[in-house]
Amino acid sequence: MWTRDFAFNRQLALLTFLLFFVVLANPSAGPAQPITADINVTLRPVAEKIPLVTDINVIGNSVFICTQPGLLLRKSLASSSTTDFSVFLDLSAKVGTLGTGIPGLPGLGYPVPGTYDERGLLGFAAHPGFSQNGVFWVWYTNINEHTAVQPNFFQWLVSTSDPWDTTQYNHVDYVQEYQVVNGVPQFRRTLLKIKRPYFNHTGFQSLVWSPELNTLVLGLGDGGSEYDPNNIAQDNDQLSGKLLKIDLSKLIGRDFTGSAPVATFTDLASQQVPAGAITSLVKGMRNPSKVHYELVNGDGQGNNNGQGNGNSQGNANGLRWIKYLANTGQDTIEFIHGFDRYGINFGFRPWEGIFPTSFEIDDTRVIAYGLEASRLPNFYRPLVEYTHLDEELGPNANTGSALYLGNGIPNLKGQLVFTDWISFARTPMQGLLMHAPVNRDNLQEAQPIKLFNVDLSQVGLQPGDVLFYTSINTNGSADRIFIGGFKNLQFITNQLNNPLGSNNLAGGLYEVVPK
């Protein structure tokens, strides 16, 4: 989700300078064309006094809200109340206690152990026939399932050449299937149990139903820590760092609830998982969010959003599926890719967006993996990128993107809308809401970015509050935009100390509406 820089000691910095190329960067230099605001919007509260929102999905006139501690909430969009949500499914016992086993992270502003976490209930995806068959899937972390000895989170300070010892892991992530029976969700089976080395880069909102492939697609982060120290994202055998297709047609009757957790495609084969049941579509990802699908004509004009017969891109009718996928960057670049084919490589760890991944030491940037970057010159470029070097903008971490196809917000139809966690350069400190056009004829052409002027008057911020953005999605017709926000930087402490519905619980779901 949001993990950021940690200071290197001088001895390590000197060694790094001897081993890698040196790149000098002036952090006060912004982009050639400053990112300015051009559209006025208001955040309208939809649900308040809830935990941190990790995923948002609108089905009919209801919105399903995943929250980090494990509560899947359901809220009617027809109601003007912001507190009439209900608990649709409670997975908090399966998730465990947030913050467990997390070290102090002073470089992030969380020096007290147990006050930061990226684990939890991570995602929800409904079957296209959900209103009739009640089938859906959840994506969550089991915090309590780990080995006695775990990988060192600060591994990148020790070595960036050692592979991950997969007999050691921090937690296990689950993709599980449920079905609503007589109004009550009933557990059916486990489709995937994947062990993960570190607590971060878990992939908020990264489980989706693909209208192109007619099955589930899951985005996995690189395993966590910083700088992908075990080079997991580029390891073809590792599941992590990949966009995975989960082919339900090859998993009929299979339930992996009692199976050992897996880390690699070799592990899957050892459990007699059918060939092709889980396959890699994209590699080289750091920390992805939700894939959005757009079916377009051959001339690049939008046909519809997420609708269709499931044919692959480039079909006989001249239609193709464009996928949009945001990633949280490392220290320099935040980025979003648009792509209409699979088998591509986004480039992480040696590449971060359009730049070589670099360690940040004071005002100097040091190329981290120069040799690896030189051996991967043809990685797939993003269509949106923005930099931490822009101190006036002050971005920190991309937290998702969505495609807007409505007419309600002027001059926005057909553009990508995306969120950044927080800018400390803003008053009050708040997330960034941005947008960019898409060149559907050249998806690797970076596009100009604009900000929204966001009116927060309805959010009800009190002195000392912030509003950081945690997730984003549209409704099915892509003409309404919803984002998750949280008003307290100490988000783990706030969630642990305040029950659902408490006046002090700082999470909310907001709709972006024209001002």
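Cut-offs used in this document
Residues numbered from 1 in each chain as written. Predicted model: local features only at pLDDT ≥ 70, side-chain atom pairs only at ≥ 80, totals over all residues. Heavy atoms only, no water. Core = buried A, V, L, I, M, F, W, Y, C linked by side-chain atoms within 4.5 Å. Buried < 20%, exposed > 50% of the residue type's maximum accessible area, 1.4 Å probe, protein only. Helix = DSSP H or I, 4+ residues; strand = E, 2+ residues; numbered from the N terminus. Pairing = 2+ DSSP bridges. Salt bridge = Lys/Arg side-chain N within 4 Å of Asp/Glu carboxyl O. Axes fitted to C-alpha atoms, helices over the stretch in contact; angles between N-to-C directions. Contact = heavy atoms within 4.5 Å. Polar contact = N/O pair within 3.5 Å; in protein donor to acceptor, adjacent residues only side chain to side chain. Phe/Tyr/Trp six-rings, centres within 6.5 Å; stacked < 30°, edge-to-face > 60°. Lys NZ or Arg CZ within 6 Å of the ring centre and 35° of its normal. pLDDT = per-residue confidence, 0-100.

## Brief notes about the nonpolar core
In this structure, L72, F136, V138 and L216 are the most contacted members of the largest nonpolar core, which totals 74 residues. Sorting elements by how many residues they give to this core places strand β8 (residues 135-142) first, with six residues. Within the second largest apolar cluster, 36 residues are counted, among which are V296, Y386, L393 and L443.

## Notes on the pairing of strand β7 (residues 121-126)
Of all six residues in β7, six are buried; the element is thus mostly enclosed. In this structure, β7 lies alongside β8, joined through five bridges in antiparallel fashion. Bridging across to β8, G123 finds its partner in W139.

## Focus on the pattern of salt bridges
If you walk through the whole model with that rule in mind, you get 14 salt bridges. As a salt-bridge pair, D173 and R196 come within 3.3 Å of each other at their nearest N and O atoms. Placement of D173 in strand β9 (residues 171-181) and of R196 in strand β10 (residues 184-196) is noted, with a sequence separation of 23 residues between them. R196 carries the same exposure label as D173, and that label is buried. Between R480 and E511 there is a salt bridge, and its shortest N-O distance comes to 2.8 Å. Linking R480 in the loop between β29 (468-474) and β30 (481-486) with E511 in strand β31 (residues 507-514), this pair joins segments that are 31 residues apart in sequence.

## Section: the sheet that holds β7
Sheets are built from strands that pair by backbone hydrogen bonding, the pairs being arranged parallel or antiparallel. Pairing in this open sheet of four strands is antiparallel, and the strands run β7-β8-β9-β10 from one edge to the other. The open sheet is flanked by β7 and β10, the only strands paired with a single partner. Going across the sheet, the axis of each strand differs from the next one's by a mean of 20°, ignoring polarity.

## Focus on unusual backbone geometry
Along the chain, F348 connects to R349 via a cis peptide bond; the corresponding omega equals 25°. Mapping R349 onto the fold places it in the loop between β19 (344-345) and β20 (351-352). With a phi close to 55°, N182 is a non-glycine residue in the positive phi region. Relative to the helices and strands, N182 resides in the loop between β9 and β10. We classify N182 as exposed; its relative accessible area is 79%.

## Some points on the sheet that holds strand β11 (residues 207-210)
The five strands are arranged β11-β12-β13-β14-β19 in an open sheet whose pairing can be described as mixed. Every other strand in the sheet has two partners, leaving β11 and β19 as the edge strands with one partner each. Here strand β12 (residues 215-219) pairs with strand β13 (residues 242-246) via four bridges, running antiparallel. If you follow L216 over to β13, its bridge partner there is I246.

## Some points on the environment of L251
Checked against the element boundaries, L251 lands in the loop between β13 and α4 (265-270). Residues L251 and P274 lie 23 residues apart in sequence; the distance between their C-alpha atoms is 7.5 Å. Excluding residues within four positions of it along the chain, L251 makes contact with R189, L191, I246, F256, V273, P274 and A277.

## Concerning the side chain of R286
Counting through the fold element by element, R286 comes out in the loop between β14 (278-283) and β15 (292-296). In terms of polar contacts, R286 uses its side chain to reach the side chain of H201, at 3.3 Å.

## Comments concerning the packing of aromatic side chains
For the structure shown, the criterion picks out 31 aromatic pairs. Taken together, a centroid distance of 5.4 Å and an interplanar angle of 50° make the contact between F88 and F136 tilted. Of this pair, F88 sits in strand β6 (residues 86-90) while F136 is found in strand β8, placing the two residues 48 residues apart along the sequence. Comparing F88 with F136 shows no difference in burial state: the two are buried. Ring centres 5.8 Å apart and planes at 85° place the aromatic pair F153 and W156 in the edge-to-face group. Across the ring face of Y342, the terminal group of K323 is positioned such that the distance to the ring centre comes to 4.4 Å.

## A few points about the confidence of the model for the chain
For the chain, per-residue confidence averages 91 on the pLDDT scale, and 90% of positions sit at 70 or higher. This model gives residues 3-31 a pLDDT under 50, and the stretch forms 71 contacts once residues within four places in sequence are excluded. Taken as a whole, residues 306-313 scores under 50 in pLDDT and shows 23 contacts with residues more than four places along the chain or in a different chain.

## Quick word on the side chain of R365
Topologically, R365 is positioned in strand β23 (residues 364-367). A polar contact of 3.0 Å, which involves the side chain of R365, links it to the backbone oxygen of D331. In this structure the side chain of R365 is engaged in a polar contact, spanning 2.7 Å, whose partner is the side chain of T332.

## A closer look at the pairing of strand β18 (residues 333-339)
Among the seven residues in β18, seven count as buried, and that is most of the element. Here five bridges tie strand β17 (residues 320-327) to β18, and the two strands are oriented antiparallel to one another. From the neighbouring strand, A326 faces β18, where its bridge partner is I336. Where β17 folds back on β18, the antiparallel hairpin that results is connected by five residues. One ladder, built from four bridges, connects β18 with strand β24 (residues 384-387); its direction is antiparallel. The partner of I333 across the bridge, within β24, is T387.

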